[in-house]
Amino acid sequence: MLYCLLSLGIGNTCRVSLSADPVEEIKVAKEVLKAFGLAINAATLISCPTCGRIAIDLIPIANEIEEYIEKIKAPINVAVLGCAVNGPGEAREADIGIAGGNGKEMLFKKGKIIRTVPEEIMVDKLKKEVDSLAAAYARGEKR
């Protein structure tokens, strides 16, 4: 709704207020801009809500990846999903992602599994893939 109003020339600012540290307002505002397609040079995290199918300790992993991609200057969608059942399908629009799989996690691109990796190295493998995609973007290559 907000974007619709702004795109019609009704208003020219967007204010984000939280009952939290003001630094959190900046993070939320950045996410709003990305959602509206107005911050195109930033990576976005896609993460699932936890449910009964979750096979990994999702929240700390999502937090680590979210912190990692803050420095990425490329329009990359990164998914961190908790199960192998719905994971790749739910994030088929993600450029790269991981999904929990009871010790053998799936690494996927655009919803297609590219390999399985042991849980203890999945975050490092995901970070390397993110770096590779960001480097390709910097070189002007298509995603």
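Residues numbered from 1 in each chain as written. Predicted model: local features only at pLDDT ≥ 70, side-chain atom pairs only at ≥ 80, totals over all residues. Heavy atoms only, no water.

Looking now at the confidence of the model for the protein chain. Here the protein chain shows a mean pLDDT of 84. Residues at 70 or above account for 95%. Averaged pLDDT values over the elements of the protein chain bottom out at 67 in helix α1 (residues 2-7) and peak at 95 in helix α5 (residues 122-138). (pLDDT = per-residue confidence, 0-100. Helix = DSSP H or I, 4+ residues; strand = E, 2+ residues; numbered from the N terminus.)

On to the pairing of strand β3 (residues 96-99). The alternating pattern of β3 places I96 and I98 on one face and G97 and A99 on the opposite face, and all of these are buried. In the sheet, strand β2 (residues 77-81) pairs with β3 via 4 bridges, with the strands oriented parallel. In the strand pairing of β3, A79 is matched with G97. In this sheet, strand β4 (residues 104-109) lies alongside β3 in antiparallel orientation, the contact comprising 3 bridges. Bridged to G97 within β4 is F108. (Buried < 20%, exposed > 50% of the residue type's maximum accessible area, 1.4 Å probe, protein only. Pairing = 2+ DSSP bridges.)

Before going further, it helps to spend a moment on helix α2 (residues 22-35). In a regular helix each residue adds 1.5 Å, so 14 residues correspond to 20 Å; α2 covers 20 Å between its end C-alpha atoms and thus fits that length. Between the side-chain oxygen of the N-cap and the backbone nitrogen of V23 there are 2.9 Å, and the N-cap of α2 in question is D21. (Expected span 1.5 Å × (residues − 1). Polar contact = N/O pair within 3.5 Å; in protein donor to acceptor, adjacent residues only side chain to side chain.)

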